[in-house]
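Breakdown of the fold
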Amino acid sequence: MSSHVISPGPYRATKLWNEVTRLFRAGMPLRKHRQNFRHYASCFTASAAVDWLHQLLCNNSNFGPDVTRQQTVQLLKKFLKNHVIEDVKGRWGTEDLEDNNVLYRFPSTSPLKPIPCSAPASESRSIKKRPSFKDKEGFFRFRSTRRQEKETQENVDPALRIQQEGDNQPEEEQQKQRRELTVEDEQEIWRDITLTHLQRILDVPSLDEVLDHRYVNPQNIIHNMTKVNKHGVVTLDDKTNDLPDWVLSAMRSLANWPKYNGTQQSYPGFERDVFKTVSDYFYSLPQPLLTYELYELFINVLGVLQPQCERVAIEALQLCTLLLPPASRRKLQLLMRMASRISQNVDMPRLHPAIGTRTLMVHTFSGCVLGSAEECDLDELLATRLVSFLMDHQQSILSVPEYLLGAISDHIQYLRTSQVPIDSVSKTDKSDPVCPPLPVYTFCHQISGAEFEQQKLESSQKAMEELLEILVTDQNISEKDRRKKLKQFQKQYPDIYRQRFPSPDRESKTDNKPKIKPPLLNIKKTKAFSIRN
C-alpha cells in the first residue's frame, strides 16, 4: 500500500489521521465470517485488524518501527469511537475494542476529518504583532543585496568594514551623537535570527501556521544558549523550578547503575521502584515538557524525521528546543540523558518482564514529553516517534548550536559598532527600533570534485613554495642546516625545487653526454665450475 510523507504545514496531525484512515480502509482484507449461526460479508476480526494495521504503521515513515501492538489496539479503539469502523451490528462511539475475534466492518459514510481553512492574515492573530527588526528596510537581508553597494565581500570582519567606511566619511558625520542598542533590541535580534534559521530548515513559507509568535519568548532563547554548565545542561536562576533533590537522586541512581547506589540500601526490585518513582513525577507535571503551546511546531518537525534528512531533523529540533522555558528544557535534558544511559546499560536489570528496556523508556516517557491540550487521536504514536529520535540523538539536539550563537553574537557586535545617529531616530516613530542594515552575506558556491582536487593541489603547492622561500631567506638558520634542509626538500619535492632553482646549463650538459654502458654489462657470463667438467 503506497503512502507518502506528510510534509510540514498547518494541521499536520489531522492530515496524518486522514492518511492512516485512507490506507486502512483501502488495504484491510475483507471476507465473509460466521458468528452465532449467522454469516456476515465484507468484515474482519479485531485481531486481524491489529495485525494488518500494526504492520502498516511500522512500515510507514511517518511513524516508524517503534509502534507497539498495544498502541495499534489503542488506535483501533479511536477508530471505533470516531466511526472509522463499526461492529457488524452497526454499533460505534465507544472504545471497548479488544484484541480478539469480534467482527467489525467499515461504515458507508466517509470517516475523513475536514481540514480547517487557514484564517486570513489579518485575523490570524488576536493581538497586534510587535514591530520586528526584520520588518525594517534593509535590516535583515541574507538573500538580496543593497543596490548602492557595488561590491560584496565574503567573510569580512564587520568591525573592519565599519572602520574602512568611517575613514571615508566627513569628520562632521563621524562626530554625530549615536544611539546604543537597547535590551529590547537585542532580544528581538535573538528571536528573529533563531526563527529565520528555523523557517529555512523546515522549508516552509512562513512559521505563522505552525507557531504562535506570542509564545516565543526571546529571554528563553538567551537563557538556554548562554546559561549552561560544562555538560551543556541549562542552569536555573530560580531553584524552585528545578527538579526536587529526591528526583535527581533517583535519576542519578538509574543513570549510573550499579555504580551509584545512593544512601539507601537496595533490595530485589529496587530499580523498578525507583524507575516508577521517576515516571510518576514527570507525569504529575501540569503539562508536557515540550509544552502545549509548541505542540504543533514539534508535530511539523516530525515531517522531516526521515533517514535521508536526519541531519536536517537534528538541526530543526535543536532550534525548537531553544524556544522552551529553561525549566522545561533542563528537565528534558536530564530525562533524555537518563533514558539514553539506561537503554544502553547492559548491567541494568530488566525493568519490565515482557518489554525491552529501550522500548520501555520510549513508551513510558512519550506521554510526558509531547502532548496536546486538546484531545488528539495520534498523540501517542507521534510522541513515540519523537521520543525515540530524541533518545538516539539527545547529545546533538539538546546542545547549544555554536553556529547560531556565533551568528547572533557577530550581528549584535556589528550593530553596537555601527550605532544609529539620533538625528535619524527623531524623524521616525520612537516606538519602532531603528538600526543600520546588516552586512551583506554571500554564501559559498558548491564546486565539483575535480575542481576541489585541483584547488587542493594548488593550495598545497603554494604552501610548499612558501616553505621553500622561508628556508632560503631565513637568516636565523645556519648554512649547514640550510643546505641539509634544502637537500631534504629537493629529495621530497623535486618539481617545486626545480622551479625555484632552475639549472638549464646543467640539464643540457647532462642530456648531451653519451650514455656509456657499465663495464660489467660487457663481460660475458662464465660457465659455472663443475666437477664433471
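See above for the structure.
Quantities reported herein were computed from a predicted structural model and do not represent experimental measurements. (Residues numbered from 1 in each chain as written. Predicted model: local features only at pLDDT ≥ 70, side-chain atom pairs only at ≥ 80, totals over all residues. Heavy atoms only, no water.)

1. A word on the overall build of the protein chain
For clarity, the cut-off: Secondary structure elements follow DSSP: runs of H or I no shorter than four residues count as helices, runs of E no shorter than two count as strands, and numbering proceeds from the N terminus. Residue exposure (1.4 Å probe, protein chains only): buried if accessible area is under 20% of the type maximum, exposed if over 50%, otherwise partly exposed. Residue contacts are defined here by distance: any two heavy atoms, one from each residue, within 4.5 Å place the two residues in contact. Surface accessibility follows the Shrake-Rupley procedure with a 1.4 Å probe radius. Residue values consider only the protein chains on display as shielding.
If you tally the helices and strands in the protein chain, you get 22 helices and six strands. The proportion of buried residues among the 533 residues of the protein chain is 41%. Restricting to contacts in the protein chain with at least 6 residues of sequence separation, those with at least 24 account for 70%. Here the protein chain has roughly 32,600 Å² of accessible surface; of this, 50% comes from carbon and sulfur atoms.

2. A word on the sheet that holds strand β2 (residues 38–45)
Basically, it comes down to this: Here the rule is simple: two strands pair whenever DSSP picks up at least two bridges between them.
Read from one edge of the open sheet, four strands run β1-β2-β4-β3, paired in antiparallel fashion. Since the sheet does not close on itself, it has two edges, and those belong to β1 (31–35) and β3 (86–87), each with one partner. Strand direction decides the pairing type here: β1 and β2, joined by four bridges, are antiparallel. Residue pairing across strands places Arg 31 opposite Cys 43, the latter belonging to β2.

3. With respect to the environment of Tyr 295
Examined against the element boundaries, Tyr 295 turns out to sit in helix α10 (residues 295–301). Residue Tyr 295 is classed as buried on the basis of its relative accessible area, which comes to 6%. Remark: the alpha-carbon pair of Tyr 295 and Ala 373, spanning 78 residues in sequence, is separated by 8.6 Å.

4. Focus on the pattern of salt bridges
How we decide: When a carboxyl oxygen of Asp or Glu is within 4 Å of a side-chain nitrogen of Lys or Arg, the pair counts as a salt bridge.
In the structure shown here, the tally under the stated rule is 18 salt bridges. When the shortest N-O distance is used, the salt bridge between Asp 280 and Lys 276 registers 2.9 Å. Of the two residues, Asp 280 and Lys 276 both sit in helix α9 (residues 270–283), four residues apart, roughly one turn of that helix. Asp 280 gets classed as partly exposed once you look at its relative accessible area, which sits at 40%. With a shortest N-O distance of 2.8 Å, Arg 358 and Asp 392 are connected by a salt bridge. Residue Arg 358 is found in helix α13 (residues 357–369), and its partner Asp 392 is found in helix α14 (residues 379–392); the two are separated by 34 residues along the sequence. Residues participating in the shared-partner salt-bridge network are Asp 51, Arg 69 and Asp 99.

5. Details of the packing of aromatic side chains
The line we're drawing: Two rings from Phe, Tyr or Trp (for Trp, the six-membered ring) form a pair when their centres are within 6.5 Å of each other. A pair whose planes differ by under 30 degrees is stacked, one over 60 is edge-to-face, and the rest are tilted.
Inspection of every chain in the model, using the stated rule, returns 14 aromatic pairs. Taking the centre distance of 4.9 Å and the plane angle of 45 degrees together, the rings of Tyr 497 and Phe 501 count as tilted. On the accessibility criterion, Tyr 497 (16% relative accessible area) is buried.

6. Some details on unusual backbone geometry
Geometrically, the link from Trp 257 to Pro 258 is a cis peptide bond, its omega value of 0 degrees lying close to zero. Along the polypeptide, Pro 258 turns up in the loop between α8 (245–255) and α9. The backbone phi angle of Ser 42 is positive, close to 55 degrees, even though this residue is not glycine. By the secondary structure assignment, Ser 42 is in strand β2. A positive phi angle, close to 65 degrees, is found at Thr 291, a residue other than glycine.

7. So, the side chain of Lys 77
Mapped onto the fold, Lys 77 is located in helix α3 (residues 69–81). Look at Lys 77 and you get buried, because its relative accessible area is 13%. Residue contacts for Lys 77: discarding those within four places in its chain leaves Thr 94, Glu 95, Leu 97 and Glu 98.

8. A look at a positive patch on the surface
Applied cut-off: Within this analysis, patches are made of residues with over 30% relative accessible area and no salt bridge. Like charges are joined at 9 Å or less; nonpolar side chains (Val, Leu, Ile, Met, Phe, Trp, Tyr) at 5 Å or less. When charges are counted, Lys and Arg are positive and Asp and Glu negative, with His and the chain ends excluded. Lys charges are placed at NZ, Arg charges at CZ, Asp charges at CG and Glu charges at CD.
Among the surface-exposed residues, Lys 480, Arg 483, Lys 484 and Lys 485 lie close enough to one another that they form a single positively charged patch. Of the residues examined, Lys 485 reaches a relative accessible area of 39% and is grouped as partly exposed.

9. Here's the deal with the environment of Arg 12
Looking at where Arg 12 falls in the secondary structure, it is placed in helix α1 (residues 12–27). When the C-alpha atoms of Arg 12 and Ile 115 are compared, they prove to be 9.4 Å apart, with 103 residues separating the residues in sequence.

10. Describing the nonpolar core
Put simply, the rule reads: In this text, buried Ala, Val, Leu, Ile, Met, Phe, Trp, Tyr and Cys residues form a nonpolar core when linked through side-chain atoms within 4.5 Å. Domain borders in the structure are assigned automatically or taken from a domain database.
Among the nonpolar cores identified, the biggest contains 112 residues, and Phe 24, Phe 79, Ile 85 and Phe 282 are the most heavily contacted of them. Counting residues per element, this core draws most heavily on α14, which supplies eight residues. Here this core spans two domains, since at least three of its residues come from each of domain 1 (12–105) and domain 2 (185–407). Other than its neighbours up to four places away in sequence, Phe 79 contacts Trp 17, Val 20, Thr 21, Phe 24, Leu 53, Val 84 and Ile 85. One finds Met 464, Leu 471, Ile 477 and Phe 489 within the second-largest nonpolar core, a separate group that totals eight residues.

11. Overview of the packing of helix α12 (residues 326–344) against α13
Put simply, the test is: Axis angles are defined between N-to-C directions and span 0 to 180 degrees, where every axis is a line fitted to C-alpha atoms and, for a helix, only to the segment in contact. Roughly parallel covers angles under 35 degrees, roughly antiparallel covers those over 145, roughly perpendicular covers 65 to 115, and oblique covers all other angles. The hand of a helix crossing depends on one turn: near helix anticlockwise from the far one by less than a right angle means left-handed, and clockwise means right-handed. For this scheme, ten residues count as nonpolar: Ala, Val, Leu, Ile, Met, Phe, Trp, Tyr, Cys and Pro. Four count as charged, namely Asp, Glu, Lys and Arg, and the remainder, Gly too, count as polar.
For the pair α12 and α13, the least separation of the axes is 9 Å and the interaxial angle reads 165 degrees. Viewed along their axes, α12 and α13 adopt a mutual orientation that is roughly antiparallel. Seen along the crossing, α12 lies across α13 with a hand that is right-handed. Touching Leu 332, Leu 335, Met 336, Met 338, Ala 339, Ile 342 and Ser 343 of α12 are Thr 357, Arg 358, Met 361, Phe 365, Cys 368 and Val 369, all from α13. Grouping the amino acids of the contact of α12 with α13 by side-chain chemistry returns ten nonpolar, two polar and one charged.

12. Structural notes on α8
Burial in α8 covers these residues: Val 247, Leu 248, Ala 250, Met 251, Ser 253, Leu 254 and Ala 255. Buried residues belonging to α8 abut α9 and α12.

13. Let's talk about the environment of Arg 358
Take Arg 358: its relative accessible area is 28%, and that puts it in the partly exposed class. Between the C-alpha atom of Arg 358 and that of Ile 342, which follows or precedes it by 16 residues, the distance is 7.8 Å. If we ignore the near neighbours within four places in the chain, the residues touching Arg 358 are Asp 66, Ser 343, Ser 388, Met 391 and Asp 392.

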